[in-house]
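One letter stands for each residue in the lines below.
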Amino acid sequence: MRDTSAFINSLGQVCAIIGAQWGDEGKGKATDIVAQHFDVIARACGGANAGHTIVVAGHKHVFHLLPSGCLHGDKKVILGSGMVVHLPTLLEEIALLRSLDVDIVPRLTISHEAHIVFGFHRTLDAALEERRSKQKGKGIGTTKRGIGPAYMDKTARCGIRMGELHTDLRNELIQRKTLLEETYGVAMDVEEELSDLADAREQIGGCIGDTVEDIHSALHSGKTILVEGAQGTLLDIDHGTYPYVTSSSTTASGALQGLGLPPRALTSCIGVAKAYCTRVGEGEFPTEAEDSAAKRLRERGGEFGATTGRPRRCGWLSLPDLRRAAYLNGITHWNLTKLDVLDEEDVIPVGITRGEQGMRYQEFPGWKTSTAGITGYDSLPANARAYIEWIEEQTQSPVALIGTGQGREEIIVRS
Ligand code: GDP
Ligand code: IMO
Ligand code: MG
């Protein structure tokens, strides 16, 4: 067994794992690995637009609402106030875990302040996408999980929160139905929504609580807290590539806000970035690769959405974006993932400056040898080490974790 204690100690009491690109960087795998050393694991923002994959003993698990570390049997699990929760998806995830003999319910707390994503939010998400496509020729390419409409209701101060699960919402939903039909021409099935609410009330009604109190009492008693970010920095509603972003704050600050933690509580932030770059959906992607290279990366990296199955657009690292992610989030450690996907590349371009003529690139020589499954830094080929050390130098943050495969064990931990 490798000694990772120096790395784990360097994370301190509260660590956030944050995507540095456009999502799908490999936050799930990082969370799963680090979670075994933490007491509380939390999701803070976003909803089931997230798809976090972990591979344990050859079996793939995809988490959408629950944090990826919850296969570790003894952890307290929190879904924070900043989240938007689609209840049938949550019940499905709970049932899936139960089929693996993991009963999450007794150790799960869902914030009474988190908002409920209803079926009608999903229908509206799809309708708004269609409208954008018709009007502008393209939509945002959302996951159609109802995220935008749920946050629209939240900021318009007419959202329905988890704390209201125990109340009778029939009249409220009937009014919504009229509003939806009149404003957007979108249909809604009130009985189906009520039935989803009843199922959730029965199965997880007892999990709803004041997660702010819970997390602060954990903090006071010296417990360690791991926050799993969702989406990525470039999808942040404020700092991302607006309007091609999600509707929540995806940065470390957003994660803290979503859990009711003060900024000074955070002791470390692991920025997760692929050794290249991908994006699902529409929007700018200055380092997007030309077709043949994109196809190669997509095939080698299995770049298909964990939530929607859509092929991901593929390209190269962008240094300006990494730097920006480092200072926006206060990244203390990088987890560079999917190094093994670059194993067969002759040259690896990295976008280094954005000028009027577009992105300027620096090219790194490939290593043309397998790094799959390597767990020791010194066993990496020299060109791969040079690539990693250049990233460290340019971003002024150490690369502490390096992914060399999908599996839990396929990682280099440097200390
Ligand atoms: P997340 O949304 O950030 O958790 O990332 P996703 O799960 O959506 O996508 C990351 C994909 O890359 C998943 O299929 C992971 O199993 C896979 N993955 C993560 N780290 C590595 C790695 O180091 N090497 C390879 N080959 N695959 C990885
Ligand atoms: P994880 O947590 C990658 C993208 C969508 C779309 C935009 C808005 O797995 O990294 P939304 O449904 O949120 O309104 O879609 O954001 N998007 C993601 N892309 N990974 C994600 O999550 C994403 N969540 C949203 O593709 O471009
Ligand atoms: Mg994902």
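Described in the following lines is the structure provided in the data block. What you see is a predicted model, and the numbers here were worked out from it, not measured in a lab.

Conventions used here
Residues numbered from 1 in each chain as written. Chains lettered and ligands numbered in written order. Predicted model: local features only at pLDDT ≥ 70, side-chain atom pairs only at ≥ 80, totals over all residues. Heavy atoms only, no water. Near = heavy atom within 4 Å. Polar contact = N/O pair within 3.5 Å; in protein donor to acceptor, adjacent residues only side chain to side chain. Areas by Shrake-Rupley, 256 points an atom, 1.4 Å probe, with all protein chains shown as cover. Nonpolar A, V, L, I, M, F, W, Y, C, P; charged D, E, K, R; others polar. Domains from an automatic or database assignment. Helix = DSSP H or I, 4+ residues; strand = E, 2+ residues; numbered from the N terminus. Buried < 20%, exposed > 50% of the residue type's maximum accessible area, 1.4 Å probe, protein only.

Observations regarding the site of ligand 2
Right, on to step 1. Asp24, Lys27, His52, Thr143 and Thr246 are the nearest of the 20 residues found near ligand 2.
Right, on to step 2. At 2.8 Å, a backbone N or O of Gln231 approaches an oxygen atom of ligand 2.
Right, on to step 3. Contact between ligand 2 and Thr246: an oxygen atom at 2.6 Å from a side-chain N or O atom of the residue.
Right, on to step 4. Relative to its free-state accessible area of 550 Å², ligand 2 is covered by the protein chains to the extent of 98%.
Right, on to step 5. Of the residues in the shell around ligand 2, the class split is seven nonpolar, 10 polar and three charged.
Right, on to step 6. Two domains each provide a minimum of three residues to the shell around ligand 2, namely domain 1 (5-113 + 208-413) and domain 2 (115-206).

Here we look at unusual backbone geometry
Right, on to step 1. Put simply, Tyr242 and Pro243 share a cis peptide bond, and its omega is 5°.
Right, on to step 2. Within the secondary structure, Pro243 sits in the loop between strand 9 (225-228) and helix 9 (252-259).
Right, on to step 3. Although it is not a glycine, Ala57 sits at a positive phi angle of roughly 50°.
Right, on to step 4. Mapping Ala57 onto the fold places it in the loop between strand 3 (52-56) and strand 4 (59-63).
Right, on to step 5. Of note, the phi angle at Gln231 is positive, near 55°, even though the residue is not glycine.
Right, on to step 6. By the element assignment, Gln231 lies in the loop between strand 9 and helix 9.
Right, on to step 7. A residue is classified by how much of its surface remains accessible, and Gln231, at 8% relative accessible area, is buried.

Honestly, that's just the spatial picture; any functional story needs more than this.
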